[in-house]
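One-letter residues, chain by chain:
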Amino acid sequence: MSFGPFHRRVGAHNAGEFEKVVLSNELWGKAAHTLAGGICVQAYPGHKEGPAFYSFKTPIKPKEKLGFPLNGPEIVRELYWTIELEGVEYRDKDTYVSIPVTDLKKG
Amino acid sequence: MLSLDELLLKDRFDARLETDLYLPDLGEKLGAEPVEMERDGLGIWNIIPVNLDDSGYLILGVPKEDQDDFGTSVFYQTAKGLTGELIAAVLLRLLERPTARFMTPEGDMVTPATLTAEPEVEGMAETGKIARLLEF
């Protein structure tokens, strides 16, 4: 079973991330510590078109954060994966957590 | 560009409130222009910090590319005595929009506290103080 697609945006702080993920089939994260209960990988739901985006799937079910559109009911706005989820592993002396990814696709 | 994730960690922000209030409307009422900060893998966010003096500060934000489609995320520090109910009351008062919705990111709806500056009402003095700081 796989979950997704989810997407991330590549910017100044994570330039070259897509190429690293393609080579390793792993996605690493360490940010958002305080609001996720620990270091985490984070992403948005769905696929998004555009040169700055890439999407992926993963066998690990993410946790969800909900948000409000300006009109309509609440929806899932962000996904995140922390170490207590089965399949999430530490990397680089516990500096990062990592999830396996498949179905990588540029936006 | 500054990292919002690192700022949240450095200043010990540990809670978040979601609302369907529009960030530019909040910025206009506060007389504040947003600044841009990046989140790990989540792109550039438009951010408005709101100083609450000794109650710390709030960070209002929304992904820049989605600003016209989504409401606002409010990051806050519980160690400063802030709660989602207090912040919801303050934002509701700020924009005078009684139909505004508030919830935690886990999906629990948040009912705004009753806004009063009367210190004899337990727990409400903080709300009044915040209201005065925001000058309304």
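Up top is the structure these notes are about.
Let me sum up the structure you'll find in this document. Here the structure is a predicted model, which means the values were calculated and not measured.

## Considering the overall build of chain B
Line of reasoning, step 1. A tally of helices and strands in chain B yields 4 helices and 6 strands.
Line of reasoning, step 2. Surface summary for chain B: the accessible area is close to 6,400 Å², and the carbon and sulfur share equals 49%.

## A closer look at the interface of chain B and chain A
Interfaces are often described in size by the accessible area the parts lose on coming together.
Line of reasoning, step 1. With 35 residues of chain B in contact, the opposing surface of chain A contributes 32 residues.
Line of reasoning, step 2. Overall, the association of chain B and chain A removes approximately 2,800 Å² of surface from exposure, summing both partners, and the carbon and sulfur fraction of that is 54%.
Line of reasoning, step 3. Summed over the three residues of chain B that lose the most area to chain A, namely Asp40(B), Leu42(B) and Phe70(B), the buried surface amounts to 22% of that side.
Line of reasoning, step 4. Between Arg39(B) and Glu78(A) there is a salt bridge; the shortest N-O distance is 2.8 Å.
Line of reasoning, step 5. At the boundary of chain B and chain A, one finds 19 residue pairs in polar contact (both at pLDDT 80 or more).
Line of reasoning, step 6. Every element with two or more residues in the side of chain B that touches chain A is listed here: helix 1 (4-10), strand 1 (15-19), strand 2 (35-39), strand 3 (43-51) and strand 6 (102-103) of chain B.
Line of reasoning, step 7. Considering each element in turn, the side of chain B that touches chain A owes the most residues, 4 residues, to strand 1 of chain B.
Line of reasoning, step 8. Here the side of chain B that touches chain A is built from residues that sort into 15 nonpolar, 6 polar and 14 charged.

## Notes on helix 3 (residues 84-95) of chain B
Residues and elements named next belong to chain B.
Line of reasoning, step 1. The first and last C-alpha atoms of helix 3 sit 17 Å apart over 12 residues, in line with the 16 Å expected at 1.5 Å per residue.
Line of reasoning, step 2. For helix 3, the set of buried residues is Gly84, Leu86, Ile87, Ala88, Ala89, Val90, Leu91, Leu92, Leu94 and Leu95.
Line of reasoning, step 3. After helix 3 finishes, the residue Glu96 shows a positive phi value of roughly 50°.

## What to know about the layout of surface pockets
Line of reasoning, step 1. The space that makes up the largest pocket amounts to roughly 590 Å³.
Line of reasoning, step 2. Of all the secondary structure elements, the ones that give two or more residues to the lining of the largest pocket are helix 1 (17-24) and strand 2 (26-29) of chain A together with helix 1 and strand 2 of chain B.
Line of reasoning, step 3. Of the residues contributing to the lining of the largest pocket, the split by class is 10 nonpolar, 6 polar and 10 charged.
Line of reasoning, step 4. Its boundaries defined by the atoms lining it, the second largest pocket holds a volume of some 190 Å³.

## Description of the sheet that holds strand 3 of chain B
All names here are of chain B.
Line of reasoning, step 1. Strand order across the open sheet formed by 6 strands is 2-3-4-5-1-6, with antiparallel pairing between neighbours. At either end of the open sheet lies a strand with only one pairing partner, and these are strand 2 and strand 6.
Line of reasoning, step 2. Pairing between strand 1 and strand 5 (residues 72-76): 5 bridges, direction antiparallel. By the bridge assignment for strand 5, Ala15 is matched with Tyr76.
Line of reasoning, step 3. Running over the sheet, helix 3 touches strand 1, strand 4 (57-63), strand 5 and strand 6 and is turned about 130° from strand 5.

## Topic: the side chain of Ser73(B)
All names here are of chain B.
Line of reasoning, step 1. For Ser73, the position within the fold is in strand 5.
Line of reasoning, step 2. A polar contact is formed between the side chain of Ser73 and the side chain of Arg16, at a distance of 3.2 Å.
Line of reasoning, step 3. A distance of 2.9 Å separates polar atoms of two side chains, one belonging to Ser73 and the other to Glu18.
Line of reasoning, step 4. When near neighbours in sequence (up to four residues on either side) are disregarded, Ser73 contacts Arg16, Leu17, Glu18, Trp45, Ile59, Leu60 and Gly61.

What counts, and where the lines are drawn
Residues numbered from 1 in each chain as written. Chains lettered and ligands numbered in written order. Predicted model: local features only at pLDDT ≥ 70, side-chain atom pairs only at ≥ 80, totals over all residues. Heavy atoms only, no water. Helix = DSSP H or I, 4+ residues; strand = E, 2+ residues; numbered from the N terminus. Areas by Shrake-Rupley, 256 points an atom, 1.4 Å probe, with all protein chains shown as cover. Contact = heavy atoms within 4.5 Å. Buried area = accessible area lost by both parts, 1.4 Å probe. Salt bridge = Lys/Arg side-chain N within 4 Å of Asp/Glu carboxyl O. Polar contact = N/O pair within 3.5 Å; in protein donor to acceptor, adjacent residues only side chain to side chain. Nonpolar A, V, L, I, M, F, W, Y, C, P; charged D, E, K, R; others polar. Expected span 1.5 Å × (residues − 1). Buried < 20%, exposed > 50% of the residue type's maximum accessible area, 1.4 Å probe, protein only. 1 Å grid on protein atoms, 1.4 Å probe; cavity = no way out; pocket = protein on both sides within 12 Å on 5 of 7 lines; lining within 4 Å. Points joined across faces, edges and corners; volume = space filled by probe spheres on them. Pairing = 2+ DSSP bridges. Axes fitted to C-alpha atoms, helices over the stretch in contact; angles between N-to-C directions.

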